[in-house]
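For reference, the chains in residue letters:
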Amino acid sequence: MATYTTEITSDKLVSDNPIHQRLLKAYIAAKPFVKGDLLEVGCGEGRGVEVLLPKATSYLGLDKIQEVIETLSAKFPEAKFQQAIIPPFAGIEDNSFDTVVSFQVIEHIENDKLFLQEIYRVLKPGGKAIISTPNIRHTLSRNPWHIREYTAPQLSRLCEDIFDEVETMGIGGNSKVWNYHEANRKSVNRIMRFDVFNLQYRLPASVLRWPYEVLNRINRNKLHKQQGQQVTDISEKDYLLVDHPDKGLDLFYVLKKSSD
């Protein structure tokens, strides 16, 4: 039986529904940009494979967890999956893919510049990469699973140093989404008032992961109990692709490699 951390976020736990739908929206929003040979870097448990497969000629998913790779290979025999610790993207040739997607991954990568350089390297000329990552302006507390989080200008500068064109957008939402986010913010603040010594920013991430998991799960369950259908009724349609990254809970960037 699978054990889901709050970082993975499950489509099987009702209290995770708003976050699951938010992450699913990135795949829906990426569909118009996807074509040809597709690489997904950090496919996880395959949240968006069914969404993107019909748009691609071929699909290769990379993830670090071998058990996930085996499960997805059995579930989606028409796709390919490969275990990989990235970056670099070992064994993948230059100019191999028309499209690369990587959602909620770059914040976990120590060498984020190399990560983006590897995406650029494996893209064919004229290819596009679509990435998403949390917008730190809307982060409610330190996430000890993340190496870092970005403001829109920070991520833009990083991408512009590597890619030939950078289109910046965000994943925002309607009033249902922002009402949930505000309730979440207030609930988190009630928990964090006990952190009088600001330990969340002073202690090593490895020390914080266990209490973060426990408190985050308690908080999500509490919000579900308090809000009921306001939690379960949120769908990916309530999340919106917005034209300015600062309007988004997540940054959503389309990165282009010149065809020249």
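Report follows, based on the coordinates. The shown structure was predicted, so the numbers you read here are calculated from the model rather than taken from an experiment. (Residues numbered from 1 in each chain as written. Predicted model: local features only at pLDDT ≥ 70, side-chain atom pairs only at ≥ 80, totals over all residues. Heavy atoms only, no water.)

1. A word on helix H4 (residues 112–122)
Next up, step 1: Taken together, the buried positions of H4 are Asp112, Phe115, Leu116, Glu118, Ile119 and Val122. Considered in projection along H4, the buried side chains sweep an arc of 155° and stay on one side of the axis.
Next up, step 2: The secondary structure elements touched by the buried residues of H4 are strand S1 (37–41), strand S4 (97–103), strand S5 (123–134), helix H5 (152–160) and strand S8 (250–256). (Buried < 20%, exposed > 50% of the residue type's maximum accessible area, 1.4 Å probe, protein only. Helix = DSSP H or I, 4+ residues; strand = E, 2+ residues; numbered from the N terminus. Arc of directions from axis to C-beta. Contact = heavy atoms within 4.5 Å.)

2. A short note on the nonpolar core
Side chains of nonpolar character tend, in soluble globular proteins, to be buried together.
Next up, step 1: Counting residues in hydrophobic clusters, the biggest one holds 38 residues, and the most contacted among them are Tyr59, Phe81, Phe103, Ile130 and Phe252.
Next up, step 2: Those elements giving two or more residues to this core turn out to be helix H1 (17–30), helix H2 (49–52), helix H3 (66–75), S4, strand S6 (165–173), helix H6 (175–192) and S8.
Next up, step 3: For this core, the leading source of residues is H1, giving 7 residues. (Core = buried A, V, L, I, M, F, W, Y, C linked by side-chain atoms within 4.5 Å.)

3. Quick word on H3
Next up, step 1: Every buried residue of H3 is listed here: Val68, Ile69 and Leu72. Around the axis of H3, the buried residues are gathered within 100° of arc, so they sit on the same side. Facing away from the buried side of H3 by over 90 degrees, the exposed positions are Glu67 and Ala74.

4. Topic: the pattern of salt bridges
Two side chains of opposite charge can pair, provided their charged atoms sit close to one another.
Next up, step 1: Summed over all chains, the structure comprises 13 salt bridges.
Next up, step 2: Taking the shortest distance from any N to any O, the salt bridge between glutamate 236 and lysine 25 comes out at 3.4 Å. With glutamate 236 in the loop between helix H8 (229–232) and strand S7 (239–242) and lysine 25 in helix H1, this pair connects stretches of sequence that are 211 residues apart. Each member of the pair, glutamate 236 as well as lysine 25, carries the same accessibility label: buried.
Next up, step 3: Residue lysine 237 is joined to glutamate 236 by a salt bridge in which the shortest nitrogen-to-oxygen separation is 3.7 Å.
Next up, step 4: Accessibility expressed as a relative area gives 14% for glutamate 236, which makes it buried. (Salt bridge = Lys/Arg side-chain N within 4 Å of Asp/Glu carboxyl O.)

5. Looking at a positive patch on the surface
Next up, step 1: Taken together, Lys186, Arg190, Arg193 and Lys222 make up a surface patch of like positive charges.
Next up, step 2: According to the relative accessible area criterion, lysine 222 is partly exposed, its value standing at 35%. (Patch = residues over 30% accessible without salt bridge, like charges linked within 9 Å, V, L, I, M, F, W, Y side chains within 5 Å. Areas by Shrake-Rupley, 256 points an atom, 1.4 Å probe, with all protein chains shown as cover. Lys, Arg positive; Asp, Glu negative; His and termini not counted. Charge placed at Lys NZ, Arg CZ, Asp CG, Glu CD.)

6. So, the packing of aromatic side chains
Next up, step 1: For the structure shown, the criterion picks out 6 aromatic pairs.
Next up, step 2: Relative to phenylalanine 81, the ring of phenylalanine 76 has its centre 6.4 Å away and its plane inclined at 45°; by these criteria the two rings are tilted. The residues phenylalanine 76 and phenylalanine 81 share a single accessibility class, namely buried.
Next up, step 3: Each ring, one from tyrosine 120 and one from phenylalanine 163, has its centre 5.5 Å from the other, and the planes form 75°; the classification is edge-to-face. You can see tyrosine 120 sitting in helix H4 and its partner phenylalanine 163 sitting in the loop between H5 and S6, a full 43 residues away along the chain.
Next up, step 4: Phenylalanine 163 sits in the buried class, given a relative accessible area of 5%.
Next up, step 5: In this structure an aromatic cluster arises from ring pairing among Tyr27, Phe103 and Phe252.
Next up, step 6: One cation-aromatic arrangement involves lysine 257 over tyrosine 120; the distance from NZ or CZ to the ring centre is 4.8 Å. (Phe/Tyr/Trp six-rings, centres within 6.5 Å; stacked < 30°, edge-to-face > 60°. Lys NZ or Arg CZ within 6 Å of the ring centre and 35° of its normal.)

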